[in-house]
Amino acid sequence: MDKKQYIISGKKDRYRLDSRVLEELIQDAVARGYRYLKIKAYGQHGIGGRLWKAGKEAIHIEIDGYTGQRTGSLGFPNTYIEIMGPASDDVGWLNAGAQIIVHGNASNGVANGMAQGKVYVGGSIGARGMTMTKHNPRFDPPELWALGSVGDYFGEFMAGGISVVCGFEAQTPDNILGYRPFVGMVGGKLFFRGSHGVFSQADAKLVSIEDDDWNWLIKNLKIFLESIKRPELFEKISYRKKWQLIIARSPQERLEGRSRSMQSFMDGIWEKELGKGGLIGDLTDINRSPIPIITTGDLRRFVPVWENRKYMAPCEAACPIGIPVHKRWGMIRDGRMDEAVDLALLYTPFPATVCGYLCSNPCMQACTRISDSMSPIDVTKLGQASINANLPELPPESGKKIAVIGGGPAGISVAWQLRMQGHKATVYDMAKRLGGKIASVIPDSRIPQEVFSTELERVEKVISHVHLQQRLDKKEMEQLREDFDFVVIAAGAYTPRTLPVPGKERMIAALDFLIQAKQGKAKPGKRVVIIGAGNVGCDVASEAHRLGAKEIMLIDVQEPASFGKERESAEAVGATFRWPCFTKEITEEGVMLTTGEIIPADTVIISIGDAPDIEFLPDDVTTERGFIVVNEHYQTTDAGIFAIGDVVKPGLLTDAIGAGRKAANAIIDIIDGKRPLGDTRRMIDRSRVSLEYFDPKYFNSGVTSFDDLDHYGSQCSSCGTCRDCGICVAVCPESAISRQEREKDDFEYIVDETKCIGCGFCAGACPSGIWNLVENDPFTGISGGMA
Amino acid sequence: MLSNAAITPSTLSVKDLPWQILWNKDKCTLCGKCTAICPVNAIELGVFRKRIVRTSLDTGATQSSDHNIFYGVRQKTDPTYSCVGCAMCTLVCPNDAIIPARSDEADKLRFHVNRGGQPRTRGGRRNVPGSLLDQIKFIRISMLTDPALDAGRHEFELRTLLGRVLPPEENLKFVEENGWIPPVREIYPLIIGGMSFGALSPNMWEGLQMGVAYLNEELGMPVRISTGEGGCPPRLLRSRFLKYVILQIASGYFGWDEIIHSIPEMKVDPCAIEIKYGQGAKPGDGGLLMWHKVNSLIAAIRGVPSGISLPSPPTHQTQYSIEESVAKMIQSMYMAWGFRVPVYPKISGTSTALAVLNNLTRNPYAAGLAIDGEDGGTGAAYDVSMNHMGHPVASNIRDCYLNLIKIGMQNEIPLFAAGGVGKTGNLAANAAALIMLGASGVQVGKYIMEAAAGCLGSESDRCNICNIDLCPKGITSQDPRLYRRLDPEQVAQRVVDVFISFDIELKKIVAPLGRSTSLPIGMSDALGINDRAAADRLSIKYVV
């Protein structure tokens, strides 16, 4: 094919050709085999692109005049374009292989989106040159060469290719790379020669030119200069030290990102301005350094506390005497059966009589096991076993003397306790024998006499100073006051209360009836009506039945308050209960109610309580409605006189015995020069005890297979008192708990606070509710660093 | 509960609680971490009885019933210890054996959290998930109609003005007559709103302040932070960082004597003074920092003895009318810094906001108006105040802006919107919506707690125990055992991350609108919503 140029003018006649028409002419010429075209351009768009029709044959296009936008756009590798003057926007746009030479400046957008080919500009270029360029690995990278400088935003989103900016005769010699180049650049490189301004440091970086790069540059610089017909400049602009290289940052480098670390800012700027410790370093020394979320030692929010014996067990708290029943079961668990039995005597002179037979056992009613529907441990077995309890050796007498007026349960209790503590107690009683109502009133059916007499014998060993059949008057009382350090009044209530109704003389007082019954002298009729259906009334009913009564009715103004064994016995003998019944009169036929109805009765017994007989009481001791007024230590308004039992308030046997014990303790405290405090311990919260350890089928109603005391002991939850099981040691996830021996066979579980994380597992697992998780003390740690 | 105990009206089962602890016996290793970490002691080690019945019909077989016990994690049902759903247990569990789950129905606990007649108080936001702001779309996307901007490529000046911008002629008049014109600050439109030193832990407060300082000094972003009402540490008052700080004065005036004492020693002026009249989360209600939170540190900064409760009354005690309060307070505060520091009031969202605004427009000193909407957060408030009191911020801001337009002052007195901005995590979108509705900037509090410190609170009533000093992340607790879980340096770093990402997102929104040199304040033609009523109310396009 001839090298002769085929000339196409962009004008026909006087009219400029449409870009479309010129394109058709060029494509047609190429199709017809022309390979050297000369275009006279008049601003037509996209000249020289898309010339694939020549196949692998080279097409040479020379453009004179005013080439339009996007010259050589979508150019093919076979295309060689030479623009003989300056070029408009977007030269080499989306160039896919054409080589384009511009003999002059080129305006904006040079090589935008170029993927292959070369653009050689013999001058400077405008904004956004070499933007969005790519490098497809199947081909050589695209190249953009500019002899002078480039405009603003050069190389934006450049993803590949090589550009070279020679900085010769630059339009902007102070900054040949323009404003903000390389924003979003992810690939490719730029060789340049001359000064530059700020470029996107986030996207690109300056690197030194290695030999391979330099060799490529030198080799291709020659070609470039020859292409733009300025070969003479080679010597002038090929001084290696003048050249610099910018490449895109790798994604990994981008991640490193920010210039200054926060730590460096804190140390170098923040604390430098504010002072050590930052904002509040001058106000506090408290260590504010980071800690882990699971902490030990001082940094724990909660800490476990081993609260052994801090709280009363419910049984102990419910017992009016305060017998620590759980402690006795604990001794049994430890194999110390004798001690468990003997322990009772520290609290009561009548463990068998009362705990074993007469008591309604509030301890069992309070038992924690009931809260999980399990039957309480039967304490009566232990009570009955206490018949064999051994007395401790009595201490020598101190010289202090206490007179006790009344030898019933209350009086015996206080004298017993005082003597046990080494003080001499002298008991006065009107009766022939000690024991008060236990001896004289309570039916034999409820307490085997040999049990009571055995315990009474034991009492007599302790209380050796007893004056029976002594009725005191005021004068003698005054004398006792003089002669003794303290006087305790425990005279009981022996004056039956009655109703002020017509025919009241026909009624028998329950107290009298019971005393006579016990002596075998009472003879009730066939039909007995008992007015007052309390526990004493129930005792009367049982005795009346024993002595021959057939129809027994107890009436009351309200729902009867009777309960326990007394009630059960009365019901067992067929006694009926009726309420509300208001007595109007006692007639020969029986009891006439306010309704007019008559309940037929041969014998009417009144059982609405007894009043104290305290005529001997000094006038300066305050009473109220016939009872002696006392404080919580059973001290009367005379500090030297105490009053306990039914003279203070009608109550259970255990109330009387407990009052005796408490009064004795108060007296002992006063003798010792202490202010009496009583027992200040509170009852344990039952929910702290874990009953899940116990098999509910044991001791459920009807199951009696475990009737020996050892088994009872094993089933007591030992509320509030450590049973030394070691479960906490096992359950602690940090192995922070250990058992330590202490003096006198005692022990202690302790927590290693350097290990404990305050999880409270010990508290959750403890069968007896000993461990408690409490808030740690307020943190004052000045130094405490990492735990 | 104990099996034979009597129930009371307030006896609850696990099912009745808002959160149920799901515990997996097979996975649990009984390490104790969950019970150790639980902020409210809602869980404990339980001893469980397990009955095993073995029976058979084979001839001669013995039937048996035995019981074993096993240990596990038990959830308490006492309302005092009810699970708050924070899931710290889940966080610390090495075996993924435990997680709280939200009850599938309205809980029964809510009927019983008023023991002794004391209604429930808590922290957080109103328990209503979702946000109207999220429904607003930016419908004006300029591709060919305006110069299409590229958020990543173009430079943006996302700045706003805090301060009274007088019209030029009035400016001239002011200068001639007074030799003074109102001070104006050019600041970043996302402001960290008032959270006091006391409501926040020292580590949290320091982290926020440090992050803000970093943004200013390292990244050139003029971010500002309000102190909230609780004073300001003396060191900060005397540092150059004070210029990044908006000092808040509220009805309790805590810490202000310390601020006054430090004025002569200040190196720089604070950014502005915010007069707090109300809080969006609990409008019309005051604050109370309980005595147990008032340790020696808080006390020193607030200028009070430690160990006493600090009430901020619902109202300022010496102000009796809009005119009086606004004029009096603004004047006083301007005087403190020689009329160099802008002063503006902050009110809770209210149907009376226009009245306040109108008053401010007549006061040439008023530097702006901040409105805190009903979705704002708080450290402590009555549940009823939080859930039922207040005004949504969008319509409040919109009404105010449209009113400013009506009187031709929309460029003169900036409005700042707060309360639930970024409530569901869409911080930039919510901020942009409010800006285009007319706000000059937005304030965030709860969002920054969540994003910068990992606050666990939610509008499904998760955690929200900011008020009882038990914050499991150490954000709102004054207990070093808790706040030392929070590293100020890391909080600061997160603040920086939040602002940078916000900046990118905000650009992504404003670039297609063709805005790069000024915020599109009030550019409501860009907004649309697929709710006809909301569109009408906000005077924006209804789009479906």
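The name given to chain B in an unreviewed UniProt entry is glutamate synthase (NADPH), with Candidatus Desulfaltia bathyphila as the source organism. The record held by UniProt for chain B lists under Catalytic activity (unreviewed entry) the comment "2 L-glutamate + NADP(+) = L-glutamine + 2-oxoglutarate + NADPH + H(+)".

An unreviewed UniProt entry lists chain A under the name FAD-dependent oxidoreductase, with Candidatus Desulfaltia bathyphila as the source organism.

On to the overall build of chain A. Tallying secondary structure elements over chain A gives 22 helices and 34 strands in all. Compactness check: chain A gives a C-alpha radius of gyration of 57 Å against a globular reference of 28 Å for 787 residues, more than 25% above the reference. Here chain A holds 787 residues, and 49% of them are scored as buried. Across chain A, every contact between residues at least 6 apart in sequence was considered, and the portion connecting residues at least 24 apart equals 63%.

A count of helical and extended segments in chain B gives 17 helices and 21 strands. Taken over the C-alpha atoms alone, chain B extends approximately 115 × 60 × 45 Å along its principal axes. In chain B, which comprises 544 residues, the share counted as buried stands at 52%. Partitioning the intrachain contacts of chain B with sequence separation of at least 6 by distance along the chain shows that 76% fall at a separation of at least 24.

All right, on to the UniProt feature "binding site: [4Fe-4S] cluster 2" (unreviewed entry) in chain B then. Residues and elements named next belong to chain B. As annotated in UniProt, the feature "binding site: [4Fe-4S] cluster 2" (unreviewed entry) corresponds to Cys 83, Cys 86 and Cys 89 in the numbering used here. With respect to the secondary-structure elements, Cys 86 resides in the loop between β3 (64-75) and α2 (88-92). Excluding residues within four positions of it along the chain, Cys 86 makes contact with Pro 39, Leu 456, Arg 462, Cys 463 and Pro 472. Structurally, the position occupied by Cys 89 is in helix α2.

Right, let's talk about the sheet that holds strand β7 (residues 96-102) of chain A for a bit. All names here are of chain A. Strand order across the open sheet formed by 11 strands is β1-β4-β5-β6-β7-β8-β9-β10-β11-β13-β12, with mixed pairing between neighbours. Bordering the open sheet on either side are β1 (6-9) and β12 (204-207), each of which pairs with just one other strand. Taking each pair of neighbouring strands and ignoring which way they run, the sheet shows an average axis angle of 15 degrees.

All names here are of chain A. When the pLDDT values of chain A are averaged, the result is 90; 97% of them are 70 or greater. A low-confidence stretch, residues 699-706 (pLDDT under 50), is modelled with 12 contacts involving residues beyond four sequence positions or located in other chains. Low confidence marks residues 782-787, where pLDDT is under 50. Its contacts with residues over four positions away, or in another chain, come to 16 contacts.

Time to look at the sheet that holds strand β15 (residues 401-405) of chain A. Residue and element names in this part refer to chain A. One open sheet holds the 5 strands; their spatial order is β17-β16-β15-β18-β31, and the pairing between them is parallel. Of all the strands in the sheet, just β17 (465-467) and β31 (641-643) have a single pairing partner and so form its edges. Within the sheet, the average angular offset between the axes of one strand and its neighbour, ignoring direction, is 20 degrees. Bridging between strand β18 (residues 486-489) and β31 involves 3 bridges; their strand directions are parallel. Each residue of the ladder has a partner; that of Val 487, found in β31, is Ile 641. Here helix α12 (residues 409-420) sits on the sheet in contact with β15, β16 (424-428) and β18, set at roughly 160 degrees to β16.

What follows is about the interface of chain A and chain B. Taken together, the contacts link 52 residues of chain A with 51 residues of chain B. For the side of chain A that touches chain B, the secondary-structure elements that each account for two or more residues are α5 (262-274) and α22 (761-765) of chain A. Looking at which element gives the most residues to the side of chain A that touches chain B, the answer is α5(A), with 8 residues. Residue composition of the side of chain A that touches chain B, grouped by class: 25 nonpolar, 16 polar and 11 charged.

As for its position among the elements, Glu271(A) is in helix α5. Residue contacts for Glu271(A): discarding those within four places in its chain leaves Met266(A), Lys276(A) and Gly278(A).

To continue, consider the packing of helix α5 (residues 202-217) of chain B against helix α14 (residues 446-453) of chain B. All names here are of chain B. Across the interface, α5 lies against α14 with an axial gap of 12 Å and an inter-helix angle of 90 degrees. Classified by the angle between their axes, α5 and α14 sit roughly perpendicular to one another. Contact residues: Met 204, Gly 207, Leu 208 and Gly 211 in α5; Ile 448, Ala 452 and Ala 453 in α14. In terms of residue class, the contact of α5 with α14 is made up of 5 nonpolar, 2 polar and no charged.

For the rest of this paragraph, the subject is the domain arrangement of chain B. All names here are of chain B. Taken domain by domain, chain B comprises domain 1 (14-118) and domain 2 (132-542). Using only C-alpha atoms to locate each centre, domain 1 and domain 2 end up separated by 43 Å. On the side of domain 2, 9 residues touch domain 1, which itself brings 9 residues to the contact. For the side of domain 1 that touches domain 2, a count of residues per class yields 7 nonpolar, 1 polar and 1 charged.

With that settled, the discussion passes to the domain arrangement of chain A. All names here are of chain A. Its domain assignment divides chain A into domain 1 (60-256), domain 2 (314-390 + 690-715), domain 3 (401-493 + 612-671) and domain 4 (498-608). Each of domain 3 and domain 4 has a C-alpha centre, and these two points are 30 Å apart. Facing 7 residues of domain 3, the contacting portion of domain 4 comprises 10 residues. Tallied by class, the residues present in the side of domain 3 that touches domain 4 amount to 3 nonpolar, 2 polar and 2 charged.

Across soluble globular proteins, nonpolar side chains show a tendency to be buried alongside one another. Formed by 181 residues in total, the largest nonpolar core has its most connected members in Ile397(B), Ala417(B), Leu434(B) and Val442(B). Looking at which domains feed residues into this core, each of domain 1 (14-118) and domain 2 (132-542) of chain B gives three or more. When residues no more than four places from it in sequence are discounted, the contact partners of Leu434(B) are Leu133(B), Ala394(B), Ile397(B), Ala417(B), Val421(B), Ala439(B) and Val442(B). Residues Val404(A), Met553(A), Phe577(A) and Ile614(A) belong to the second largest nonpolar core, which totals 130 residues.

Time to look at the UniProt feature "binding site: [4Fe-4S] cluster 1" (unreviewed entry) in chain B. Sequence positions flagged by UniProt for "binding site: [4Fe-4S] cluster 1" (unreviewed entry) are, in local numbering, Cys93(B). Checked against the element boundaries, Cys93(B) lands in the loop between α2 and β4 (98-102).

A few words now on the pairing of strand β25 (residues 590-593) of chain A. On a regular strand, one side chain projects to one face of the sheet and the next to the other, so that they alternate. All names here are of chain A. Pairing between strand β24 (residues 583-586) and β25: 3 bridges, direction antiparallel. Bridged to Ile 586 within β25 is Val 591. Turn length for the β24-β25 hairpin, with the two strands adjacent in sequence and antiparallel, is 3 residues. The pairing of β25 with strand β26 (residues 598-600) spans 3 bridges and is antiparallel. Residue pairing across strands places Val 591 opposite Ile 599, the latter belonging to β26. The antiparallel hairpin formed by β25 and β26 contains 4 residues in its connecting segment, where Gly 596 sits at a positive phi of about 100 degrees.

Right, let's get into α5(B). Helix length check: α5(B), at 16 residues, gives a terminal C-alpha distance of 22 Å against a target of 22 Å (1.5 Å per residue), a fit within 8%. Taking burial as the measure, the 16 residues of α5(B) include 14 buried ones, the bulk of the element.

Another aspect to go through is the environment of Lys56(A). Within the secondary structure, Lys56(A) is located in the loop between β4 (36-42) and β5 (59-66). Spatially, the C-alpha atom of Lys56(A) lies 8.3 Å from that of Pro77(A), the residues being 21 residues apart in sequence.

All names here are of chain A. In a regular helix each residue adds 1.5 Å, so 19 residues correspond to 27 Å; helix α19 (residues 653-671) covers 27 Å between its end C-alpha atoms and thus fits that length. The buried fraction of α19 amounts to 16 of the 19 residues, a majority that puts the element mostly inside the structure. Immediately beyond the C-terminal end of α19, within one or two residues, lies Gly 673, with a positive phi of roughly 80 degrees.

Turning our eyes to something else, we now look at unusual backbone geometry. In this model, Trp579(A) is joined to Pro580(A) through a cis peptide bond whose omega is -10 degrees. Within the element layout of this structure, Pro580(A) appears in the loop between β23 (576-578) and β24. Phi is positive for Asp745(A), which is not a glycine, with a value near 60 degrees. Following the sequence through the fold, Asp745(A) ends up in the loop between β32 (737-741) and β33 (747-751). With a phi close to 60 degrees, Phe339(B) is a non-glycine residue in the positive phi region.

Criteria and cut-off values
- Residues numbered from 1 in each chain as written.
- Chains lettered and ligands numbered in written order.
- Predicted model: local features only at pLDDT ≥ 70, side-chain atom pairs only at ≥ 80, totals over all residues.
- UniProt positions renumbered as here; feature names shortened; annotations may be inferred.
- Helix = DSSP H or I, 4+ residues; strand = E, 2+ residues; numbered from the N terminus.
- Rg over C-alpha atoms; globule rule 2.2 N^0.38 Å.
- Buried ≥ 20, exposed ≤ 12 C-beta atoms within 10 Å, placed from the backbone.
- Contact = placed C-beta atoms within 7 Å.
- Pairing = 2+ DSSP bridges.
- Axes fitted to C-alpha atoms, helices over the stretch in contact; angles between N-to-C directions.
- pLDDT = per-residue confidence, 0-100.
- Nonpolar A, V, L, I, M, F, W, Y, C, P; charged D, E, K, R; others polar.
- Parallel < 35°, antiparallel > 145°, perpendicular 65-115°, else oblique.
- Domains from an automatic or database assignment.
- Core = buried A, V, L, I, M, F, W, Y, C linked by C-beta atoms within 7 Å.
- Expected span 1.5 Å × (residues − 1).

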